Amino acid sequence: MKTKIKKAFFIVIGCLGLGLGAVGAVVPVLPTFPFLMVAALCFARSSKKLNDWFLGTKLYKNNLESYAKGEGMTKKTKVKVMITVTALMTIGFIMMHQIPLGQLILFFVWVFHIFYFWKVVKVKNEEA
């Protein structure tokens, strides 16, 4: 019984991630990459059939496939992710104006994200 609940939970969260990632592919302010990563993780943990379907979608192939294969991301995708992370964390930073420790932690998390995407994630050459 526990396994079915866990599987259903991952399917629901995966569908939410997929939906938000699909919206993010169209709406410039909403990030696509993190939501599709959540979807990929959840579908992989919930159902082989659902995972295989997701891996075959154009959304996955255009946004995650090269990263998942270790080929990196396009420069445009990296910049978009860094801008989105910066914007969202800035909102959180401002909202924590009365919690200096929270601001400090958020700052270090932001620095880690920027460092990770700038230095660790490989840049994939865009195909002409």
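Computed from a predicted structure; not experimentally measured.

**Regarding the layout of surface pockets**
In this structure, the largest pocket occupies an estimated 510 Å³ of space. Sorting the residues of the lining of the largest pocket by element identifies helix H4 (58-63) and helix H6 (75-95) as the ones contributing at least two each. With five residues, H6 is the single largest residue contributor to the lining of the largest pocket.

**Focus on the confidence of the model for the protein chain**
Per-chain confidence: the protein chain averages 84 in pLDDT, with 95% of residues scoring 70 or above. Mean pLDDT across the elements of the protein chain ranges from a minimum in helix H5 (residues 65-68), with 80, to a maximum in helix H3 (residues 48-55), with 91.

**So, the environment of Asp 52**
Here Asp 52 is to be found in helix H3. Put simply, Asp 52 and Ala 40 are 12 residues apart on the chain and 9.9 Å apart in space, counted from C-alpha to C-alpha.

About the thresholds
- Residues numbered from 1 in each chain as written.
- Predicted model: local features only at pLDDT ≥ 70, side-chain atom pairs only at ≥ 80, totals over all residues.
- Heavy atoms only, no water.
- 1 Å grid on protein atoms, 1.4 Å probe; cavity = no way out; pocket = protein on both sides within 12 Å on 5 of 7 lines; lining within 4 Å.
- Points joined across faces, edges and corners; volume = space filled by probe spheres on them.
- Helix = DSSP H or I, 4+ residues; strand = E, 2+ residues; numbered from the N terminus.
- pLDDT = per-residue confidence, 0-100.

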